[in-house]
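Close look at the chain arrangement
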Amino acid sequence: MARGDRVAFEELYRRTSPWLAVRLRRRCADEQMVAEVMQETYLAVWRAAGSFAGSGVGGSAVGWLWTIAARRLVDAFRRRAHHAEPPPAAAPHPVAPAAEEEALLATVGGDVGDALGRLAPELRDVLRAMVLDGLSVRETAVVLGLPEGTVKTRARRARIAMREALA
């Protein structure tokens, strides 16, 4: 892809776009915004493919892709807020665990996975955004539609709960 190979780009898109769309929809209920973020993300990936250092520094293409998408989503929320439009309500959390939740708990096994599974969903969402997705407090607040103080409080509560569960 870094050499301008469209077939490689199409293959990356084919393999990752369904997954990326689901992840973005879990953080934003506005389908138009999700579509715009997807387009901006893949355009950025195409333009910056040559700068991906991934496997050389322990990263993955999917992680790089998600980082770009998450930052684009934060930018989209900021643009919307700047135009004084209230962001749509976050997608409601389903009663049954999402595939992403199950994959997270399966990936992080043992005691840590058990502790994550026992966290309240609102604490797990903040922990996932800040630790796994690598977002800042401000970015997490924008993505989850929460005040920054609430994000800080939930992050602290999640860390305390994890420490107690693992002690």
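So, a few notes on the structure that sits alongside this text. All figures in this text were calculated on a predicted structure; none of them were measured in a lab.

Across the interface, helix α6 (residues 121–132) lies against helix α7 (residues 137–144) with an axial gap of 9 Å and an inter-helix angle of 130°. With respect to α7, the element α6 is oriented oblique. For the pair α6 and α7, the sense of crossing is right-handed. For the pair α6 and α7, contact is made by Asp125, Val126, Ala129 and Met130 and by Val137, Thr140 and Leu144, respectively.

The next subject is the packing of aromatic side chains. Taken as a whole and assessed by the stated rule, the structure comprises 4 aromatic pairs. On the basis of an interplanar angle of 80° and a centroid distance of 6.2 Å, the ring pair of Phe9 and Tyr42 is categorised as edge-to-face. Here Phe9 is found in helix α1 (residues 6–25), whereas its partner Tyr42 is found in helix α2 (residues 31–48), with 33 residues between them in sequence. On the basis of relative accessible area, Phe9 is assigned to the buried category, the value being 18%. On the basis of an interplanar angle of 70° and a centroid distance of 5.2 Å, the ring pair of Phe9 and Trp46 is categorised as edge-to-face. Within this pair, whereas Phe9 is found in helix α1, its partner Trp46 is found in helix α2, the two being separated by 37 residues in sequence.

With 19 residues, helix α8 (residues 148–166) extends 27 Å from end C-alpha to end C-alpha; this agrees with the ideal 27 Å at 1.5 Å per step. Taken residue by residue, α8 has Val151, Ala155, Ala158 and Met162 as its buried positions. Looking straight down α8, one finds that the buried residues subtend no more than 65° of arc, so they occupy a single side. When the buried face of α8 is taken as reference, the exposed residues oriented beyond 90 degrees from it are Lys152, Arg156, Arg163 and Glu164.

Thresholds, definitions, all that
- Residues numbered from 1 in each chain as written.
- Predicted model: local features only at pLDDT ≥ 70, side-chain atom pairs only at ≥ 80, totals over all residues.
- Heavy atoms only, no water.
- Axes fitted to C-alpha atoms, helices over the stretch in contact; angles between N-to-C directions.
- Helix = DSSP H or I, 4+ residues; strand = E, 2+ residues; numbered from the N terminus.
- Parallel < 35°, antiparallel > 145°, perpendicular 65-115°, else oblique.
- Left-handed = near helix turned anticlockwise from the far one by under 90°.
- Contact = heavy atoms within 4.5 Å.
- Phe/Tyr/Trp six-rings, centres within 6.5 Å; stacked < 30°, edge-to-face > 60°.
- Buried < 20%, exposed > 50% of the residue type's maximum accessible area, 1.4 Å probe, protein only.
- Expected span 1.5 Å × (residues − 1).
- Arc of directions from axis to C-beta.

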